[in-house]
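Descriptive structure summary
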Amino acid sequence: MGHELKSPLSIMLALCGRMEESGQLEGQNAEDLARIRANAYSLLRRVQDMMLMARLETFDPQLELAVVDVAAIVRACVDGFQSLAAERDLDLRTGLPDHLPAMADEEKLVSVVTNLLANAIRHAPQGGVVRCTLHAPEGRMLLEVADDGPGVPPGERDAIFERYQRGAQSGGSGLGLAIVREIVQLHGGSAAVGDAPEGGALFVVDLPLTLTRGARAAALSSLRLADRQKAIVEDLRAELGTYSRPAAAPPELLPRSA
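Residues numbered from 1 in each chain as written. Predicted model: local features only at pLDDT ≥ 70, side-chain atom pairs only at ≥ 80, totals over all residues. Heavy atoms only, no water.

1. Section: the packing of aromatic side chains
The test is simple: Think of it this way: a Phe, Tyr or Trp ring, Trp meaning its six-membered ring, pairs with another when their centres are within 6.5 Å, and the plane angle makes it stacked under 30 degrees, edge-to-face over 60, tilted otherwise. Each helix corresponds to a stretch of at least 4 residues labelled H or I by DSSP, and each strand to a stretch of at least 2 residues labelled E; elements are numbered beginning at the N terminus. We call a residue buried when its accessible area falls under 20% of the maximum for its residue type, exposed when it is over 50%, and partly exposed in between, using a 1.4 Å probe and counting protein chains only.
The full count for this structure, using the stated rule, is one aromatic pair. Judged by centre distance (6.0 Å) and plane angle (75°), the ring pair of F161 and F203 falls under edge-to-face. In this pair, F161 is assigned in the loop between β5 (140-147) and α6 (176-186) and F203 in strand β7 (residues 201-208), connecting sequence segments 42 residues apart. This pair shows no difference in class: F161 is buried, exactly as F203 is.

Structure follows, in structure tokens:
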């Protein structure tokens, strides 16, 4: 069912991209097209979330484990949010090692990082701060994503990781943080939220570093990253009301010729 929903959305996004690239629309027509594109991406993200959650709900969900460079994955995810952060005048800070090889499922790890970053950008005020740091103390890796928004009240900190549950000031589908917890637990780790030094919420993902001595990380798959993150960024852009920036559909969403 998910694939049946993605096909018409892919066509809609491809047509929006072509119309924007033509430069023939101006004024209200151009703004309307931007809203159509943004809402199509919003639907695409929800379809992706439901498909991923369905896979995680199977009796024996599988991880496609490989030695990956977690630092490269996080860096690429952060880069994907730079334009949106600039539109909102956010200070998007990072503290990442040059490399951090670990045994993980690359595609699912991308979902964890992008959902946490999207959540932080959603709640950070205009001109605020979002911080993403990664370090590896004694055989573990800790990913922190913080913001200077309103934070998460103690009474809501467990509930926000439940499916279809959202905090009092949250947007989105209510699946993003549930997906984060499901994937992290599948990797044998934990996810928690507390108070950030910046004044808002601090999300901490704690994962084991399981490695074969001398193993080398595989190259980051840009296609796996692009599909998931593009939908999240454009959905968040629509939610925050920044429709004006054109964004053509990524290549993997374009319909294949017969």
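Resuming the write-up.
2. Some details on the pattern of salt bridges
Worth spelling out the cut-off: We define a salt bridge as a contact between a side-chain nitrogen of Lys or Arg and a carboxyl oxygen of Asp or Glu at a distance within 4 Å.
Under the counting rule described, the total for this entry stands at seven salt bridges. The shortest N-O distance in the salt bridge between K108 and D105 comes to 3.2 Å. Take K108 and D105: they sit in the same class, and that class is buried. In this structure, D195 engages R157 in a salt bridge whose closest nitrogen and oxygen atoms are separated by 2.5 Å.

3. Some remarks on the sheet that holds strand β6 (residues 190-195)
Worth spelling out the cut-off: Note on pairing: two strands pair once DSSP finds at least 2 bridges between them. A fitted line through C-alpha atoms serves as each axis, taken over the contacting stretch for helices, and the angle formed by two N-to-C directions is quoted from 0 to 180°.
With mixed pairing, five strands are arranged side by side in an open sheet as β2-β4-β5-β7-β6. Where the open sheet ends on each side, the last strands, each with one partner, are β2 (91-95) and β6. Sheet twist, expressed as the mean angle between neighbouring strand axes with direction ignored, is 15°. When strand β4 (residues 129-135) meets β5, the two strands line up antiparallel, connected through six bridges.

4. Observations concerning the environment of A102
Among the secondary structure elements, A102 is positioned in strand β3 (residues 101-105). Taking the C-alpha atoms as reference points, A102 and V67, 35 residues apart in sequence, are found 5.3 Å from one another.

5. A few points about the nonpolar core
The condition is simple: To define a nonpolar core, start from buried Ala, Val, Leu, Ile, Met, Phe, Trp, Tyr and Cys residues and group those joined through side-chain atoms within 4.5 Å. Between two residues, a contact is recorded if the distance between any of their heavy atoms is within 4.5 Å.
Ranked by size, the top nonpolar core spans 51 residues in total, and within it F81, L116, L117 and L143 carry the most contacts. With nine residues, the single largest contributor to this core is helix α5 (residues 106-123). Those residues in contact with L143 that sit more than four places away from it in its chain are V74, V113, L116, C132, T133, L134, F203, V204 and V205. Formed by eight residues, the second largest nonpolar core is a distinct cluster that contains Y41, V47, M51 and A231.

6. Comments concerning the state of the cysteines
Using the following cut-off: Here, the term disulfide refers to a pair of cysteine sulfur atoms separated by no more than 2.5 Å.
Considering all chains together, one arrives at zero disulfides under this definition. Unpaired in this structure, C132 has its nearest cysteine sulfur neighbour in C77, at a distance of 8.4 Å. On the basis of relative accessibility, which here comes to 0%, the residue C132 falls in the buried class.

7. Some points on the environment of L177
Structurally, the position occupied by L177 is in helix α6. You can call L177 buried: its relative accessible area is 12%. In this structure the C-alpha to C-alpha distance between L177 and A191, which are 14 residues apart in sequence, comes to 9.3 Å. Once residues lying within four places of it in the same chain are set aside, the contact partners of L177 are L116, N119, I160, F161 and F203.

8. Focus on α6
Residues lying three or four places apart along an α-helix face the same way, a consequence of the helix completing one turn every 3.6 residues. Taking burial as the measure, the 11 residues of α6 include eight buried ones, the bulk of the element. One or two residues past the end of α6 sits G188, with phi positive at roughly 85°.

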